[in-house]
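Residue-level listing of the chains:
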Amino acid sequence: MLAHGWAKFPTLADEPKRAALARQAQQYELSAPGFPVDFERRVLTVPYRGGTARVTIHILAVPGLPADAPVTLASGGVDSWKMDLHPLWVQLAQLSGTRVIAFDLAGTGETSHIPMTPDGGTEIIEGVIAEARGISDGKVAHFGISMGGYYSARTGLTGAVDASIVLGGPVEAAFAPGRGFAYGMEGIVGNALGFSRPPTPDEQSDAFSRFDLRPLLDQDTQVPMLVINGADDVHIPQQDTLVFGGRRDTRVELVPGTGHCAISRLPEVLPVIVDWLKQTLNG
């Protein structure tokens, strides 16, 4: 599974990479009986732009988890997808006492057939939220990492979920017109946005600037939120974390000595996330 995962990294820009993703999914299912948590793979049909779209989700839960346990939706970034983050989702399921539903964002992984857009990507997630509320009597949280953090910030600010965790998510400053990308991210982001060729800087800037969450930041409809990132992130400006400071029901953590999504200090950050999640969902 890991070998096919590396073979498809970082985007599905050609047929060999799409074949590698299909084989990764096959091997992932074959390995599922050895997971330390219960596992189910579902293909959802969700509303999308007046029609429907298919979205594959993975459900992970500790054995014997009550039916009314809270649900945590879990989404990664433009180049780190639900199967790639499997060890993290297992830890989250084991430590948080929630049922974890992992899914790929629009434009990524097994949802690459749908271009990533602010509204279309959100509509897909609304379908996943509806599924989460249908399988549990408990509350629903959304934990997003990197670009997944953009969407968890969005669902948190709109009140679509009951709690939101944003880890290294772009929010406002990251979408400023003319802002470039580091370390090849322009190609990865362009692929997720639906370009079939490398976009020009103007094309990519125009598409990405539409994601700006300032209109939602100016409202007051949010649920409790936890916003965290590394202080030395080369991709996401500090302001996209600090902009949440002083908002109601919001905790902000800018972790020193680490970069994007505080990955190098994740063993310290994960307990903070889990404790906050438990207190918020059970409070």
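Quick look at the structure, then.

So, on to the packing of helix H4 (residues 118–135) against helix H5 (residues 147–158). Helix-helix packing is described using two parameters, namely the angle between the two axes and the distance between the axes. Look at H4 against H5: their axes get within 11 Å of each other, and the N-to-C directions meet at 70 degrees. The pairing of H4 with H5 is recorded here as roughly perpendicular in orientation. Contacts between H4 and H5 involve Pro118, Gly121, Thr122, Ile125 and Ile129 on the former and, on the latter, Tyr150, Tyr151, Arg154 and Thr155. Looking at the contact of H4 with H5 residue by residue, the class counts come to five nonpolar, three polar and one charged.

To continue, consider the pattern of salt bridges. Applying the stated rule across the entire model yields 18 salt bridges. Between Lys82 and Glu110 there is a salt bridge whose closest N-O contact spans 2.6 Å. Taken together, the residues Lys82 in the loop between strand S3 (71–75) and helix H3 (86–96) and Glu110 in the loop between strand S4 (99–103) and H4 connect sequence positions 28 residues apart. Residue Lys82 is classed as buried on the basis of its relative accessible area of 1%. Relative accessible area serves as the criterion here: at 18%, Glu110 is assigned to the buried category. Close ionic contact of Asp218 with Arg214 constitutes a salt bridge, the shortest N to O distance being 2.7 Å. Taking the relative accessible area as the measure of exposure, Arg214 reaches 27% and is therefore partly exposed. Within the structure, one salt-bridge network assembled from shared partners comprises Glu29, Arg41, Lys82, Asp104 and Glu110.

Right, let's talk about the nonpolar core for a bit. Core analysis: the largest hydrophobic core is formed by 47 residues, its most contacted members being Leu73, Met147, Phe211 and Phe244. With near-sequence residues (within four places) excluded, Met147 lies in contact with Gly76, Gly77, Val78, Leu105, Met116, Pro170, Phe175, Phe208 and Phe211. One finds Ala25, Ala74, Val90 and Leu92 within the second-largest nonpolar core, a separate group that totals 38 residues.

What follows is about unusual backbone geometry. In this model, Phe9 is joined to Pro10 through a cis peptide bond whose omega is 0 degrees. With respect to the secondary-structure elements, Pro10 resides in the loop between helix H1 (2–8) and helix H2 (15–31). For Arg49, which is not glycine, the phi torsion reads 50 degrees and is therefore positive. By the secondary structure assignment, Arg49 is in the loop between strand S1 (38–48) and strand S2 (51–61). One non-glycine residue, Ser146, lies in the positive phi region at around 55 degrees. Here Ser146 is to be found in the loop between strand S5 (140–145) and H5. What makes Ser146 buried here is its relative accessible area of 16%.

Reported here for the second largest pocket is a volume of approximately 280 Å³. In terms of lining residues, the second largest pocket is bounded by 19 residues, among which Ala13, Gly190, Asn191, Phe195 and Ser196 are the most central. At four residues, the largest contribution of residues to the lining of the second largest pocket is made by helix H6 (residues 185–192). For the lining of the second largest pocket, a count of residues per class yields eight nonpolar, nine polar and two charged.

So, how was this worked out
- Residues numbered from 1 in each chain as written.
- Predicted model: local features only at pLDDT ≥ 70, side-chain atom pairs only at ≥ 80, totals over all residues.
- Heavy atoms only, no water.
- Axes fitted to C-alpha atoms, helices over the stretch in contact; angles between N-to-C directions.
- Helix = DSSP H or I, 4+ residues; strand = E, 2+ residues; numbered from the N terminus.
- Parallel < 35°, antiparallel > 145°, perpendicular 65-115°, else oblique.
- Contact = heavy atoms within 4.5 Å.
- Nonpolar A, V, L, I, M, F, W, Y, C, P; charged D, E, K, R; others polar.
- Salt bridge = Lys/Arg side-chain N within 4 Å of Asp/Glu carboxyl O.
- Buried < 20%, exposed > 50% of the residue type's maximum accessible area, 1.4 Å probe, protein only.
- Core = buried A, V, L, I, M, F, W, Y, C linked by side-chain atoms within 4.5 Å.
- 1 Å grid on protein atoms, 1.4 Å probe; cavity = no way out; pocket = protein on both sides within 12 Å on 5 of 7 lines; lining within 4 Å.
- Points joined across faces, edges and corners; volume = space filled by probe spheres on them.

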